[in-house]
Amino acid sequence: DGQLVSVAPGLVINAPGATVLVAGLSIHGFATGIVTQGPGDANYQIMGNYLGLRADGLQLNGQGVGVSIQGGNTRIGDGTAFGMNVISGNSQQGISIQSIPALASLLVQGNLIGTTPSGLAAALSNGMQGIGASTPSAIAGIVIGGNLPDQRNVISGNGEDGIRFHCTAVTGNCFDGARISGNFIGPAADGSPLGNQGNGIHLSAMDAESPVCADGQ
């Protein structure tokens, strides 16, 4: 509970050459719940957490961003019940992607982003995007979802876009190889209508060549 230190992050991970598992936590009330840093050989697994909500699934002291990706090779969720994170109740993005180092990736699978822990309501939405990536240069290696039903993220109920990619570079491939696949972006976990307040997927200010492959609902 970060209500007394709301300008600081709840957890900063910077562990070159190590594997770090962050599991079973409730992090809320901070400027950012979790910040990942470090080179590509730093392996982070974020599994089974409530990020933006209390352990009982309620929002008491909201925070700015659920997870800020600034480095490391990171996996958020793994398509299992154990690994499912609920990333909701944040005033900004559920997941903010700022930097991924060379030879690393970001894999986001099997999470609820913007919904209540049941996946069926939007009462605890993130204030901005469910997932937002913003860069003045290249960020490669983003995978959101997958081909199997359990790898699906439910990205719904958010205050702006479900997913927003924003690139201000004028040359190169900002999001080379990024893949958004098999997710529910707008539907609830049971497939019923829930929606986001903005676009489902918004590719914004793509000044450079930015190939993104997207499919799902």
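The preceding data block contains the structure.
Everything numeric here is computed off the predicted structure, so don't read it as measured data. (Residues numbered from 1 in each chain as written. Predicted model: local features only at pLDDT ≥ 70, side-chain atom pairs only at ≥ 80, totals over all residues. Heavy atoms only, no water.)

Draft legend 1. Fine view of the pattern of salt bridges. For the structure shown, the criterion picks out one salt bridge. With its nearest N and O atoms 2.4 Å apart, the salt bridge here joins Arg54 to Asp56. Given a relative accessible area of 26%, Arg54 falls into the partly exposed group. (Salt bridge = Lys/Arg side-chain N within 4 Å of Asp/Glu carboxyl O. Buried < 20%, exposed > 50% of the residue type's maximum accessible area, 1.4 Å probe, protein only.)

Draft legend 2. Region of the structure containing the state of the cysteines. Applying the stated criterion across every chain, the model contains one disulfide. Paired through a disulfide, Cys167 and Cys174 show a sulfur-sulfur distance of 1.7 Å. Residue class for Cys167 comes out buried when judged on its relative accessible area of 0%. Judged by relative accessible area, Cys174 falls into the buried class, the value being 1%. (Disulfide = S-S within 2.5 Å.)

Draft legend 3. Fine view of the environment of Ala123. With respect to the helices and strands, the residue Ala123 is situated in the loop between β12 (112-113) and β13 (131-135). Taking the relative accessible area as the measure of exposure, Ala123 reaches 66% and is therefore exposed. Sequence separation between Ala123 and Ile87 is 36 residues, and the spatial gap between their C-alpha atoms is 13 Å. (Helix = DSSP H or I, 4+ residues; strand = E, 2+ residues; numbered from the N terminus.)

Draft legend 4. Spatial organisation of the sheet that holds strand β10 (residues 95-97). Spatially, the seven strands line up as an open sheet ordered β1-β4-β7-β10-β13-β16-β18, and their pairing is parallel. Of all strands in the sheet, those with a lone pairing partner are β1 (9-14) and β18 (201-204), marking the two edges. When the angles between neighbouring strand axes are averaged without regard to direction, this sheet yields 10°. Bridge count between strand β7 (residues 65-69) and β10: three bridges; the pairing is parallel. Counterpart to Val67 in the pairing with β10 is Ile95. (Pairing = 2+ DSSP bridges. Axes fitted to C-alpha atoms, helices over the stretch in contact; angles between N-to-C directions.)

Bear in mind that shape data such as this cannot, by itself, settle questions of function.
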